[in-house]
Amino acid sequence: MILDGAKLDHYEWTQTRTEVTCTILKENWPKDLWDFDARPLKSQNLDIKLTLTAISVGIKGKSQVLFAGDFPNRINTDDSTWTWDKETNTLEFTLQKDMTVHDSENPWWASFITSDEKIDVDLIEGSKYLDVSLLRKIKAQKEEKKKEEAAAKAAAEAAAAQGEEEKKAEE
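Quick summary incoming for the structure in this document.

Thresholds, definitions, all that
- Residues numbered from 1 in each chain as written.
- Predicted model: local features only at pLDDT ≥ 70, side-chain atom pairs only at ≥ 80, totals over all residues.
- Heavy atoms only, no water.
- Helix = DSSP H or I, 4+ residues; strand = E, 2+ residues; numbered from the N terminus.
- Buried < 20%, exposed > 50% of the residue type's maximum accessible area, 1.4 Å probe, protein only.
- Contact = heavy atoms within 4.5 Å.
- Core = buried A, V, L, I, M, F, W, Y, C linked by side-chain atoms within 4.5 Å.
- Pairing = 2+ DSSP bridges.
- Axes fitted to C-alpha atoms, helices over the stretch in contact; angles between N-to-C directions.
- Polar contact = N/O pair within 3.5 Å; in protein donor to acceptor, adjacent residues only side chain to side chain.
- Phe/Tyr/Trp six-rings, centres within 6.5 Å; stacked < 30°, edge-to-face > 60°.

Counting secondary structure elements, the protein chain contains two helices and eight strands. Per-residue burial for the protein chain yields a buried fraction of 32% across its 171 residues. In the protein chain, 52% of the contacts between residues at least 6 apart in sequence involve partners at least 24 apart.

The biggest cluster of nonpolar side chains holds 31 residues, and the ones touching the most others in it are Trp13, Ile24, Trp29, Phe67 and Phe112. Counting residues per element, the ones that place at least two in this core are β3 (19-25), β4 (46-50), β5 (54-59), β6 (65-70), β7 (75-85) and β8 (90-97).

Within the fold, serine 80 resides in strand β7. Every residue in contact with serine 80, bar those within four places of it in the chain, is listed here: Leu50, Ile75, Thr94, Leu95 and Gln96.

Turning our attention to the sheet that holds β4. In space, the three strands of this open sheet follow the order β4-β5-β6, with antiparallel pairing throughout. In the strand order of this sheet, the two ends are held by β4 and β6, each with one partner. Within the sheet, the average angular offset between the axes of one strand and its neighbour, ignoring direction, is 5°. With five bridges connecting them, β4 and β5 associate as antiparallel partners. From the neighbouring strand, leucine 50 faces β5, where its bridge partner is isoleucine 55.

Attention now goes to the environment of glutamate 117. By secondary structure assignment, the location of glutamate 117 is in the loop between β8 and α1 (122-126). Judged by relative accessible area, which is 62%, glutamate 117 ranks as exposed. The spacing of glutamate 117 and leucine 8 is 109 residues in sequence and 8.5 Å in space, taken between C-alpha atoms. Apart from residues no more than four positions distant in its own chain, glutamate 117 is found in contact with Ala110 and Ser111.

This next bit is on the side chain of threonine 90. In this structure, threonine 90 sits in strand β8. Only 3.0 Å separates the side chain of threonine 90 from the side chain of threonine 88, close enough to count as a polar contact. Once residues lying within four places of it in the same chain are set aside, the contact partners of threonine 90 are Thr23, Ile24, Leu25, Thr83, Trp84 and Asp85.

A separate point is the sheet that holds β3. The five strands are arranged β1-β2-β3-β8-β7 in an open sheet whose pairing can be described as antiparallel. Unpaired on one side and paired on the other, β1 (6-7) and β7 mark the two borders of the sheet. Relative to β8, β3 runs antiparallel, the two being bridged by seven bridges. From the neighbouring strand, cysteine 22 faces β8, where its bridge partner is phenylalanine 93.

Moving on: unusual backbone geometry. Positive phi outside glycine occurs at asparagine 89, with the angle close to 55°. Along the chain, the position of asparagine 89 falls in the loop between β7 and β8. Asparagine 89 sits in the buried class, given a relative accessible area of 12%.

All told, the structure shown has eight aromatic pairs when counted by the stated rule. Both rings, one in phenylalanine 71 and one in tryptophan 109, keep their centres 5.6 Å apart while their planes meet at 35°; by these two values the pair is tilted. A residue pair is termed long-range when its members are at least 10 positions apart, and phenylalanine 71 in the loop between β6 and β7 and tryptophan 109 in the loop between β8 and α1 qualify at 38 residues. Of the residues examined, tryptophan 109 reaches a relative accessible area of 0% and is grouped as buried. Relative to phenylalanine 112, the ring of tryptophan 109 has its centre 6.5 Å away and its plane inclined at 40°; by these criteria the two rings are tilted.

Here it is in C-alpha cells:
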C-alpha cells in the first residue's frame, strides 16, 4: 500500500517531506505515442517541460503528450532532475519541493498533478506511528464514510425529485 503517493494509469509517484519522485514505465506509454518495438526511445526524443508550477511530458514533434498538468505546490527547478534509463525504458523525475512556499508543518502533496486523484495526506503522518493493518482499517473506514455520504445525498435527491413529481401529479 502506497501511503505517500499513488499508482495511476500513466505513472506512479511517491514523496518525502522535501522531494517528489515520479516514475513512468515503458508499459505506461501509449503505443501511438511511441512504439518501443519499432525503435528504442532516446532521451533526445523526449519533450519535457518542467517549470516551477507545471510539467509536460511528450515526444518531440508530436502534439500528443503522455501527461501534463499543474503541481499542487511549487518546486525548485534548479535542484530537480529527470533521467531516462534506456535499459529499462523508465523515465524518472526527482523534484525538490520549494520549501520556501510550503507549510513546513504539512509539506505533503495530495496529488502529483492537481487534476489527478487525491491521496489522504493525514495517513502519511499517521504511518510513522501506526502499523499498516491499522492504517488500512482507517482508510477503509474513510472510504465507507464517503460511500455512505454519497448514498445519502443520492437518496435525498431522489426523494426531492419524487416530491416534485407528486406535486405535479396533484396539480
